[in-house]
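Coordinates in review
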Amino acid sequence: MTEVVLQARGLDVFYGSSQVLFKMSLSVHKGETLALLGRNGAGKSTTLKAMAGVIPARHGEVILHGKPVQGRASHLIARAGIGFVPEDRQIFPDLSVQDNLLIAVKPGVDGVDDWSLERVYDMLPLLAPLKNRLGGQLSGGEQQLLTVGRSLMGNPNVLLLDEPSEGLAPIMVQKIGDLIEALRKVGTTIVLAEQNLHFCLGLADRAVVIDKGADVFVGTIRELNANSDIKQRYLSV
Ligand SMILES: Nc1ncnc2c1ncn2[C@@H]1O[C@H](COP(=O)(O)OP(=O)(O)O)[C@@H](O)[C@H]1O
Ligand SMILES: [Mg+2]
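Reading the values: the criteria
- Residues numbered from 1 in each chain as written.
- Chains lettered and ligands numbered in written order.
- Predicted model: local features only at pLDDT ≥ 70, side-chain atom pairs only at ≥ 80, totals over all residues.
- Heavy atoms only, no water.
- Near = heavy atom within 4 Å.
- Polar contact = N/O pair within 3.5 Å; in protein donor to acceptor, adjacent residues only side chain to side chain.
- Areas by Shrake-Rupley, 256 points an atom, 1.4 Å probe, with all protein chains shown as cover.
- Helix = DSSP H or I, 4+ residues; strand = E, 2+ residues; numbered from the N terminus.
- Nonpolar A, V, L, I, M, F, W, Y, C, P; charged D, E, K, R; others polar.
- Pairing = 2+ DSSP bridges.

Comments concerning the site of ligand 1
Lining the immediate surroundings of ligand 1 are Y15, V20, R39, N40, G41, A42, G43, K44, S45 and T46. In the model, an oxygen atom of ligand 1 is placed 3.2 Å from a nitrogen or oxygen of the A42 main chain. One of the side-chain N or O atoms of K44 is found 2.8 Å from an oxygen atom in ligand 1. Against a free-state accessible area of 560 Å², the protein chains account for coverage of 57% of ligand 1. Of all the elements, helix 1 (residues 44-52) adds the most residues to the shell around ligand 1, at three residues. Of the residues that constitute the shell around ligand 1, the class distribution is three nonpolar, five polar and two charged.

Put into structure tokens, the structure is as follows:
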């Protein structure tokens, strides 16, 4: 087994007095795409936000390259190597595409700077001709590509993608799928939160299924696809 890049161990998360994660755990290995699958409201976004430090976990650990990072501010967790692409594409509408990318430049851990503007445009060819367009003038799909590109500019060790295909037209869903595949080919480590198992089939190596805030299945994406009991109980398929 390859090196574990990021681990959530026993996360308990509350919104006010209501608990939404219950000892949630997952591990993602170097270079793999891990699908985090579950129905709407299962706790996928909360799991990603807790790992990115956007919301606090009351108990449990987030381990990045063997070191605990839980409790740190989200910008410090980003600096430590976790790139979080939230579902509500937080681009700057009044900045150009290029400036949205440049504002996110940050060296990776240990000075790694794999990603340049040129390489991001190579990876996201739809964005290159739009570089002078304002963020707010992009379509939803283009904004989604831009949020991923922005995250890459920060040279993350692991990329957390929260339902990147949600609400997009089929052609853009295909583009997002192509992008995830291309990122995996260059060795990017990815956690892909999704409701749609079908979307993950050709993209993910392994899957964790979350239901009511707890991990209820872990296995290869093929094992999951072959397990009609788990699929019927926990996924909308
Ligand atoms: N800001 C919030 N305040 C209170 N409850 C929330 C908040 N965000 C999410 N929840 C609740 O937490 C649970 C998990 O939500 P979420 O992590 O968004 O699930 P998913 O991403 O799998 O759809 C749901 O029951 C949801 O209603
Ligand atoms: Mg969500």
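We are not done yet, so read on.
Some points on the pairing of strand 1 (residues 4-15)
Sheet topology note: the strand 1/strand 2 (residues 18-29) ladder contains eight bridges and is antiparallel. Counterpart to Y15 in the pairing with strand 2 is S18. In sequence, strand 1 turns back onto strand 2 through a hairpin of two residues, with G16 there showing a positive phi of about 60°. Across five bridges, strand 1 lies against strand 4 (residues 59-64) in antiparallel orientation. Residue pairing for strand 4: L6 is matched across the bridge by L64.

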